[in-house]
Amino acid sequence: MNPLKVVHSTVMSCTKCQLANEGRINPVFGNGKTVRPDLMFIGEGPGAEEDQCGIPFSGRAGREFNKLLKALGYSRDSVYMDNVVKCRPLQNRTPTTGEVESCHSYLDQQIKIIKPKVIVCIGKTSASSLMGVGNKPMKYIQGTWKTYDGIPITTIYHPAYWLRLENYDKKAWKEVKIKTFEIMRGVVKKAQNLEKQNEQG
Ligand code: URA
Ligand code: SF4
């Protein structure tokens, strides 16, 4: 069997952490381009809609996120989308460090199989887990670079946050959107430069 399918089928019946017993309907495995995509995005965990249909970023935040992708010239099929935990935390609470750690080996295997050119953590839970940035606020870590397994990795604010801001602080909302787009343009450039280097050498 193809190695990604092996990980997928293990996740589908996983009961390694408490999230297996919190009322998940479907574990949500990553989806999109599985062979060396320019971009792999890693969010926090499935919400209600994702849990229902088993597809990451298929709810409100995901639809908002798709607009950003489109503005950058990418379709959902051309990138890989995933989460640090595959099962929905009840009432969308933040997954615990223990839950994230329990699930990490799946994500790590996915990254090693898929080999994205660049990884983008969506939101702080993902960045804390994958970039080793501890509890530092997003405003300081967005757009900064580390490596994961030799792959450049950065982070942007979660679209659920942009959506919340839109309701009570239009100015901050606009600033976050502009900043996120600017960071993402740099991310795309980095992925494309890596591709060029590859071709040359
Ligand atoms: N938020 C996430 O972090 N992941 C999803 O899949 C959906 C919403
Ligand atoms: Fe298993 Fe991850 Fe689901 Fe926990 S969140 S039960 S580790 S697949």
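Provided above is the structure to which this section pertains.
Residues numbered from 1 in each chain as written. Chains lettered and ligands numbered in written order. Predicted model: local features only at pLDDT ≥ 70, side-chain atom pairs only at ≥ 80, totals over all residues.

(A) Quick peek at the nonpolar core. Counting 39 residues, the largest nonpolar core has Leu39, Met40, Phe41, Ile42, Val120 and Cys121 as the members making the most contacts within it. In terms of residue count, the dominant contributor to this core is helix H4 (residues 97-114) (6 residues). Leave out the neighbours within four places in its chain, and Val120 touches Leu39, Phe41, Thr154, Thr155, Ile156 and Val187. (Core = buried A, V, L, I, M, F, W, Y, C linked by C-beta atoms within 7 Å. Buried ≥ 20, exposed ≤ 12 C-beta atoms within 10 Å, placed from the backbone. Helix = DSSP H or I, 4+ residues; strand = E, 2+ residues; numbered from the N terminus. Contact = placed C-beta atoms within 7 Å.)

(B) Spotlight on unusual backbone geometry. For Phe57, which is not a glycine, the phi torsion comes out positive at approximately 50 degrees. Counting through the fold element by element, Phe57 comes out in the loop between helix H2 (48-53) and helix H3 (60-71). Owing to 28 C-beta atoms within 10 Å, Phe57 belongs among the buried residues under this scheme. Positive phi, close to 50 degrees, is recorded for Gln91, a residue that is not glycine. By the secondary structure assignment, Gln91 is in the loop between strand E3 (80-83) and H4.

(C) Fine view of the environment of Arg63. Secondary-structure assignment places Arg63 in helix H3. Arg63 gets classed as partly exposed once you count the C-beta atoms within 10 Å, which come to 13. Each C-alpha atom, one on Arg63 and one on Phe29, is 18 Å from the other, the two residues being 34 residues apart in sequence.

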